[in-house]
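Listed below are the residues making up each chain.
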Amino acid sequence: IQAAHVKTQEESQTKLDALRSMLEESNVASDDKAAAEIEVREQLAAASKDNSILVQRITEASTELNKQKDLLKDSETRLEQMQQEKDKAVQDADQRLKDATASYEARID
C-alpha cells in the first residue's frame, strides 16, 4: 500500500510539475502579449501624432497656396488695369497727334 501511495504521489508530483510548467509558459505568453500590446499602442499613438502633424502641414500648405492664388489674381487684375491705362494713353496720344497734324495742316493751307 505504501509503495502504491508513493507511486501515486510521484505521479501526482509529475502532473503538478507539468501543470506548473504549463502555467509558467502561459504567464510568459501573457507577458509577451501585454508587452506587444503596449508596443502596438505606442506605435499607434506615434502614428496618430504623425498624422496630426501631416494634416497640420497640409492645412498650412493649402492656406499658403490660397494666399498665392489671391496674390496672382490681384496681380492679373492690376496687369489688366495697367494694360487698359496704357491703351487709353496710346489712344489719347494718337488723338493728340491727329489733332496736332490737322491743326498744322490747317495752318499750312
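Residues numbered from 1 in each chain as written. Predicted model: local features only at pLDDT ≥ 70, side-chain atom pairs only at ≥ 80, totals over all residues. Heavy atoms only, no water.

**Re the overall build of the protein**
Rule in force here: Working definition: helices are DSSP H or I runs of at least four residues, strands are E runs of at least two. Numbering for both runs from the N terminus. Only C-alpha atoms enter the radius of gyration, while the globule expectation follows 2.2 Å times N to the 0.38, with N the number of residues. Computed with a 1.4 Å probe, the accessible areas rest on the Shrake-Rupley method; for each residue, only the protein chains presented here act as cover. When charges are counted, neither His nor the chain ends are considered; positive counts come from Lys and Arg and negative counts from Asp and Glu. The location of each charge is read from NZ of Lys, CZ of Arg, CG of Asp or CD of Glu.
Counting its secondary structure elements, the protein contains 1 helix and 0 strands. Computed over its C-alpha atoms, the radius of gyration of the protein comes to 46 Å, more than 25% above the 13 Å expected for a compact globule of 109 residues. Along the three orthogonal principal directions, the C-alpha set of the protein runs to about 160 × 15 × 10 Å. Carbon and sulfur atoms make up 56% of the accessible area of the protein, which amounts to about 10,200 Å² in all. Once the 16 positive and 24 negative side-chain charges of the protein are each reduced to a mean point, those two points are 4 Å apart.

**Quick word on the environment of lysine 73**
What counts here: Remark: exposure states derive from per-residue accessible area (1.4 Å probe, protein chains only) relative to the maximum for the residue type, with buried under 20%, exposed over 50%, and partly exposed in between.
Assignment of secondary structure puts lysine 73 in helix H1 (residues 2–108). Residue lysine 73 is classed as exposed on the basis of its relative accessible area, which comes to 56%. Lysine 73 sits 15 residues away from lysine 88 along the chain, and the two C-alpha atoms are 23 Å apart.

**A word on the pattern of salt bridges**
We count it as follows: Definition used for salt bridges: Asp or Glu carboxyl oxygen within 4 Å of a side-chain nitrogen of Lys or Arg.
Scanning all chains against the criterion turns up 5 salt bridges. In this structure, glutamate 85 engages arginine 78 in a salt bridge whose closest nitrogen and oxygen atoms are separated by 3.9 Å. By relative accessible area, which is 48% here, glutamate 85 ends up partly exposed. On the accessibility criterion, arginine 78 (41% relative accessible area) is partly exposed.

**Some remarks on the environment of lysine 86**
Here lysine 86 lies in helix H1. For lysine 86, a relative accessible area of 45% translates into the label partly exposed. A sequence separation of 46 residues divides lysine 86 from valine 40, and the C-alpha atoms of the two residues are 67 Å apart.

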